[in-house]
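# Examination of the molecular architecture
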Amino acid sequence: MIDVLARDGTLIASRCGLAVHIKTIVTRTPSRVRSQGAGTSVVGSDPRLILDDPEIRIVLLMVGGTIEARDLCLAAIESGKHVVTANKALLAVHGDELFAKAAARGVGIAFEAAVAGGIPVIAALRDGLVANRIEAIYAILNGTCNFILSTMEHEGLGYQEALAQAQRLGYAEADPTMDTDGSDTAHKLALLARIAFNARIPLNRVRIEGIQRIGFLDIRSAHTMGARIKLLAVARQRADGLELRVAPTLVPLDHPLADVHKNYNGIYMVGDAAGPTLLVGQGAGPLPTASAVLADVVDVASGRYQQTAQRFTFFQGGSEPTYLGESDEHTGSYARFVVPDRAGILAGITQALSEHGVSVLSIHQGEPAAGRAMIEIVTHPLRGGAFLSAIEHIDRTGLTMEPTVCLRRL
């Protein structure tokens, strides 16, 4: 942040007439910040240095987690200061409370950097697509997971080997759980859905699956079926309710999101007027985050964001939609059956699928080996409950030799 302002502060001022200056930095490690170069900023460890300074109008809350970050955010609001944050978990968990407190105090909470790093998706969804009824959002929102899955595909690695490479290159934390189990993506999806559908989105309404159980065989199988596996965040408005999920998903190779590789993020939004809109870019990292944070700072300092926060009702909580569970999701699906190499197995599987109302889009049968064979199918879109019931029936009746692997398909 400091480096970007030092390099581009004059450019920002020439564009919008605002001289942005970081007056005070509060951190647990003041000596380290000073040694890295803090410019003319005061550096300390006491939050009151910022909270009690009437000259400071905007607080950049770059604290992770939800407990201390909530306390600091509330303190800044009570002090009459606007807040700019990149903390998606904070707003996904405590957004209703914090937005209400900010509105009562006459200040704003800006959070462009909380979703997809340097990609201006919040502004695009909130402002650029304001005239659209959003029909669906399909998004790759976690660079760690996308890097791991891309590396597994392109280098033929297993999950653990690809994760280790991501950690060596700095794309994954020492403990990557929040990324790989889908939690990070769910936080971001909750914020996007809040804006898109003007709704309260409790996290427990988002169905979450991570990528930890994806192996190279899954990657290879997806390619056989003309797709790539992505950890996909999905928010889709249907006549009977709202679908919200984060799950490994087969993305057809001809879909734009299939070409979002490595640590990049991609957001594919469908509006009733604009049609499909695709945003792709760096979803994390110091410079992309600084870009988004400073965009919010300019928005707040110019007074534009205060008008946004006052007028857009999603800041006040929005509506309470009908949320659809997994059994009511309507989507294509993929299944990989490991079966004994004997006559009648394929016929038994297709009959069971048909009896449960599952329409098969494509099917692939691998060469048998050691008395075992692999059958893969992709279905037409259907109700999730029907598909899962069919798979449970097939596994229970002895047609398969091990539990069937199931994934959703875009």
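Residues numbered from 1 in each chain as written. Predicted model: local features only at pLDDT ≥ 70, side-chain atom pairs only at ≥ 80, totals over all residues. Heavy atoms only, no water.

### Brief notes about the overall build of the protein chain
The cut-off we apply is this: Numbering of helices and strands runs from the N terminus, with a helix taken as a DSSP run of H or I at least four residues long and a strand as a DSSP run of E at least two residues long. Exposure classes here rest on a 1.4 Å probe applied to the protein chains alone. A residue is buried below 20% of its type maximum, exposed above 50%, and partly exposed in between. Residue contacts are defined here by distance: any two heavy atoms, one from each residue, within 4.5 Å place the two residues in contact. All tallies of charge rest on Lys and Arg as positive and Asp and Glu as negative; His and the ends of each chain are not included. A single reference atom marks each charge: NZ on Lys, CZ on Arg, CG on Asp, CD on Glu.
Summing up its helical and strand segments, the protein chain has 15 helices and 17 strands in all. Projected onto the principal axes, the alpha-carbon positions of the protein chain cover approximately 80 × 45 × 35 Å. For the protein chain, buried positions account for 52% of its 410 residues. Partitioning the contacts of the protein chain with sequence separation of at least 6, the portion at a separation of at least 24 is 70%. When the 38 positive and 42 negative side-chain charges of the protein chain are each reduced to one mean point, those points stand 3 Å apart.

### Details of the packing of helix H14 (residues 345-355) against helix H15 (residues 384-396)
Our working definition: Simply put, an axis is a line fit to the C-alpha atoms, just over the touching stretch for a helix, and the angle between two N-to-C directions goes from 0 to 180 degrees. By the definition used in this description, the sense in which the near helix is turned from the far one sets the handedness, with an anticlockwise turn below a right angle giving left-handed and a clockwise turn giving right-handed. Residue polarity is assigned by list, with Asp, Glu, Lys and Arg as charged and Ala, Val, Leu, Ile, Met, Phe, Trp, Tyr, Cys and Pro as nonpolar; anything else, Gly included, falls into the polar class.
Interhelical geometry of H14 versus H15 gives an angle of 145 degrees and a closest axis separation of 9 Å. Considering only the axes of H14 and H15, their crossing is right-handed. Of the residues in H15, those touching H14 at Ile-349, Ala-352 and Leu-353 are Ala-390, His-393 and Ile-394. Taken together, the residues of the contact of H14 with H15 sort by class into 5 nonpolar, 1 polar and no charged.

### Considerations on the nonpolar core
The condition that has to hold: Residues grouped as a nonpolar core are buried Ala, Val, Leu, Ile, Met, Phe, Trp, Tyr and Cys residues, joined through side-chain atoms within 4.5 Å.
By size, the foremost hydrophobic cluster in this structure holds 99 residues, and its most contacted members are Phe-111, Val-121 and Ile-137. Not counting chain neighbours up to four residues away, the residues in contact with Val-121 comprise Glu-112, Val-115, Ala-116, Leu-192, Ile-267, Met-269 and Leu-279.

### Some details on the sheet that holds strand E3 (residues 58-61)
Each strand in a sheet pairs with another by means of backbone hydrogen bonds, the pair being arranged parallel or else antiparallel. The line we're drawing: Strand pairing is assigned whenever DSSP detects at least two bridges linking the two strands.
Taken in spatial order, the 3 strands of this open sheet run E3-E4-E5, and their pairing is parallel. Because the sheet does not close on itself, it has two edges, and the strands there are E3 and strand E5 (109-110). The pairing of strand E4 (residues 82-85) with E5 spans 2 bridges and is parallel. Residue pairing in the sheet places Val-84 in a bridge with Ala-110 of E5. Packing of helix H4 (residues 67-78) onto the sheet brings it into contact with E3, E4 and E5, and relative to E3 it is tilted by some 175 degrees.

### A word on the packing of helix H6 (residues 121-128) against helix H10 (residues 183-196)
Heads up, the condition is: Convention used here: angles under 35 degrees read as roughly parallel, angles over 145 as roughly antiparallel, angles from 65 to 115 as roughly perpendicular, and any remaining angle as oblique.
Two elements in contact, H6 and H10, have axes whose closest approach is 9 Å; the angle formed by their N-to-C orientations is 15 degrees. By the angle class used here, H6 and H10 are roughly parallel. Seen from above, H6 lies across H10 with right-handed handedness. Across from Val-121, Ile-122, Leu-125 and Arg-126 in H6, the residues of H10 making contact are Leu-192, Ile-195 and Ala-196.

### Describing helix H12 (residues 286-301)
Condition: One less than the number of residues in a helix, times 1.5 Å, gives the span that helix is expected to have.
Counted at 1.5 Å a residue, the expected span for H12 with its 16 residues is 22 Å, and the 22 Å between its end C-alpha atoms agrees. In terms of residue burial, H12 counts as a mostly covered element, since 12 of its 16 residues are buried. Burial in H12 covers these residues: Pro-288, Thr-289, Ala-290, Ala-292, Val-293, Leu-294, Asp-296, Val-297, Val-298, Asp-299, Val-300 and Ala-301. Positive phi appears at Gly-303, one or two residues downstream of H12, with a value of about 90 degrees.

### Considering the pattern of salt bridges
What counts here: Between Lys or Arg on one side and Asp or Glu on the other, a salt bridge is scored when a side-chain nitrogen of the former is within 4 Å of a carboxyl oxygen of the latter.
Inspection of every chain in the model, using the stated rule, returns 30 salt bridges. Among the salt bridges present, the one from Glu-55 reaches Lys-23, with a minimum N-O distance of 2.6 Å. Here Glu-55 is found in the loop between helix H3 (48-51) and E3, whereas its partner Lys-23 is found in the loop between helix H1 (2-16) and strand E1 (24-26), with 32 residues between them in sequence. For Arg-207, the salt bridge goes to Glu-326, with nearest N and O atoms at 3.6 Å. Here Arg-207, found in strand E7 (residues 207-208), pairs with Glu-326, found in the loop between strand E12 (323-324) and strand E13 (330-340); they are 119 residues apart in sequence, far enough to count as distant. What makes Arg-207 buried here is its relative accessible area of 15%. One connected set of salt bridges, linked through shared partners, spans Arg-207, Glu-209, Arg-236, Arg-238, Asp-240, Glu-243, Arg-245, Glu-326, Glu-329 and Arg-408.

### Describing the side chain of Thr-85
Basically, it comes down to this: Two N or O atoms count as a polar contact when they lie within 3.5 Å, although within protein this holds only if one can serve as hydrogen donor and the other as acceptor, and sequence-adjacent residues are included solely when both atoms are side-chain atoms.
You can see Thr-85 is positioned in strand E4. Overall, Thr-85 belongs to the buried group, its relative accessible area being 0%. A polar side-chain atom of Thr-85 sits 3.0 Å from the main-chain amide nitrogen of Asn-87. Dropping the residues within four chain positions of it, Thr-85 is found in contact with Leu-61, Met-62, Leu-91, Ile-109, Ala-110, Phe-111, Ala-113 and Ala-114.

### Quick notes on the pairing of strand E9 (residues 241-252)
Two faces belong to every sheet, and in a regular strand the side chains alternate between them. Counting buried positions along E9 gives 12 out of 12 residues, so the element sits mostly inside the fold. Sheet topology note: the E7/E9 ladder contains 2 bridges and is parallel. Considered in E9, the bridge of Ile-208 is made with Val-246. Note: strand E8 (residues 227-238) against E9, 12 bridges, orientation antiparallel. Across the sheet, the residue bridging to Arg-236 is Glu-243, located in E9.

### Observations regarding the side chain of Thr-27
Inspection of the secondary structure puts Thr-27 in the loop between E1 and helix H2 (30-36). Polar side-chain contacts of Thr-27 include one of 3.2 Å to the backbone nitrogen of Thr-29. Beyond its immediate sequence surroundings of up to four residues, Thr-27 is in contact with Val-33, Val-43, Gly-44 and Ser-45.

Such coordinate-based values are descriptive only and should not be taken to indicate function.
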